[in-house]
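Read off the chains here:
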Amino acid sequence: MDISYILNELGEDREHYFNAVAPPIIQTSNFTFKKVSDLTAAFEDEMSTYLYSRGINPTVDILRKKLAALDGAEDCLVFNNGAAAIFAGIMAYVKAGDHIVSVKSPYTWVQRMLEVILPRFGVTHTFIDGTKIENWETATQPNTTFYYLESPNSWTFALQDIRAVAALAKSRNIKTLIDNSYCTPLYQKPIDMGIDLVMQTATKYIGGHSDTLGGVLCGTHASMKKIFDSEYLNIGSGIQPFNAWLMIRGLRTLPARIDRITKTTAEVLAFLKQHPKIDFLLFPLDPTFPQYELAQKQMGGACGLITIALKTNSRDAIVRFCESLKHIMMAVSWGGHESLAIPKCAGIPAGDFDPSNPEHRYVRLYCGLEEASWLIADISQALDRMD
Ligand SMILES: *Cc1c(COP(=O)(O)O)cnc(C)c1O
């Protein structure tokens, strides 16, 4: 399917709403019925009917169709945020006694789910270095039913060989879920590589303007229906019509923004690479990246996030760098219009700071939609003020 068709036409029935170019926000909680038999049918298969907006809603449906097509998936559910999408995807496919193999240091709230919530229900896990396929094999137990992938992750950009992990999982009848937030379906299509469930946060690139949250889960129609009938309706974390409308609006410009951010990131990267105060940097498509070859093989591109290790032994110098940035804001998240910086040491007690551990000297930069020269000038003056 042509991406221009997906983003501009798919799912949009303009003649049903006055030929308006932009879709309406169907801001309703419930839908009326004329016949009892229709109501009965809706109760029996809520996913096929407009009954109640905790389930299916017409504005959300437009978004679902576009996002499923972008991922090359049969179907899609959209949640109120990415964490909810992951929660539902995992909950639907584990039961007491099951074991999950997950990449180490997954997204914060996945780690919390595996460590704090699931053990209460008898589901165990093993965190592995997912960069090596043999680690998946070794960690797999007779009761392993689920593999959790995140490739690349959003700090060190560690990758998994997605095709290899998916093939291993299939041979053992294990369900796979990948967090594809870094790449978006524009730069990586895990369904084509054999992954069962593909998740991305829509809060980042799809929304694109740091003004709303959303989460996407794609897979077969059967798997989406299973999740819809249980976790989706029960947890009640589906995206609301207005937020879905904002995501549809975000999708219109997604390729343009990703293109622009890709170019800007390359310019910022070139500046950082020659700067004496940068010890080293991490970026999946930089030749110095440890998994550069795999990144080239399975990713269509990379953009936005760059992690730098500052050349200093002083936590104060890192703090000075971050606090000297005049335009690049210090904040969590990424994928919006605005460039951001966040130091790893903010999450480490000051007394535990250890400069011999390069991770403690990491600052993650996100390149937004500003001019590259403006960002480079800001980073340059902040590096000058470091010490
Ligand atoms: C932000 C993020 C999430 C969670 O998405 P929310 O919409 O904030 O819940 C998951 N994975 C990655 C890699 C993220 O960056």
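Calculation rules
Residues numbered from 1 in each chain as written. Predicted model: local features only at pLDDT ≥ 70, side-chain atom pairs only at ≥ 80, totals over all residues. Heavy atoms only, no water. Salt bridge = Lys/Arg side-chain N within 4 Å of Asp/Glu carboxyl O. Helix = DSSP H or I, 4+ residues; strand = E, 2+ residues; numbered from the N terminus. Buried < 20%, exposed > 50% of the residue type's maximum accessible area, 1.4 Å probe, protein only. Near = heavy atom within 4 Å. Polar contact = N/O pair within 3.5 Å; in protein donor to acceptor, adjacent residues only side chain to side chain. Areas by Shrake-Rupley, 256 points an atom, 1.4 Å probe, with all protein chains shown as cover. 1 Å grid on protein atoms, 1.4 Å probe; cavity = no way out; pocket = protein on both sides within 12 Å on 5 of 7 lines; lining within 4 Å. Sits in = over half its atoms within 2 Å of the grid points. Nonpolar A, V, L, I, M, F, W, Y, C, P; charged D, E, K, R; others polar. Pairing = 2+ DSSP bridges. Contact = heavy atoms within 4.5 Å. Axes fitted to C-alpha atoms, helices over the stretch in contact; angles between N-to-C directions.

Turning our eyes to something else, we now look at the pattern of salt bridges. Taken as a whole and assessed by the stated rule, the structure comprises 16 salt bridges. Across the salt bridge formed by Asp196 and Lys170, the nearest N and O atoms sit 3.8 Å from each other. Here Asp196, found in the loop between α8 (184-187) and β6 (197-201), pairs with Lys170, found in helix α7 (residues 162-171); they are 26 residues apart in sequence, far enough to count as distant. Classification of Lys170 by relative accessible area gives exposed; the value is 54%.

The next thing to look at is the site of the ligand. Of all residues adjacent to the ligand, which total 13 residues, the nearest are Gly82, Asp179, Thr201, Thr203 and Lys204. Thr201 places a polar side-chain atom, nitrogen or oxygen, 2.8 Å from an oxygen atom of the ligand. In the model, an oxygen atom of the ligand is placed 2.6 Å from a nitrogen or oxygen of the Lys204 side chain. For the ligand, the accessible surface in isolation is 380 Å², of which the surrounding protein chains cover 92%. Among the cavities detected, the one that contains the ligand is the largest pocket. When contributions to the shell around the ligand are tallied by element, the ones reaching two or more residues are α4 (82-91) and β6. For the shell around the ligand, the residue count by class is four nonpolar, six polar and three charged.

Take the sheet that holds strand β11 (residues 340-343) next. Strand order across the open sheet formed by five strands is β8-β9-β12-β11-β10, with mixed pairing between neighbours. In this open sheet, the two strands that pair with only one neighbour each are β8 (278-282) and β10 (329-330). Bridge count for β10 against β11 is two bridges, and the pairing is parallel. Residue pairing for β11: Met330 is matched across the bridge by Ala341. Lying on the sheet, helix α11 (residues 254-273) is in contact with β8, β9 (305-310) and β12 (362-366); it crosses β9 at an angle near 10°.

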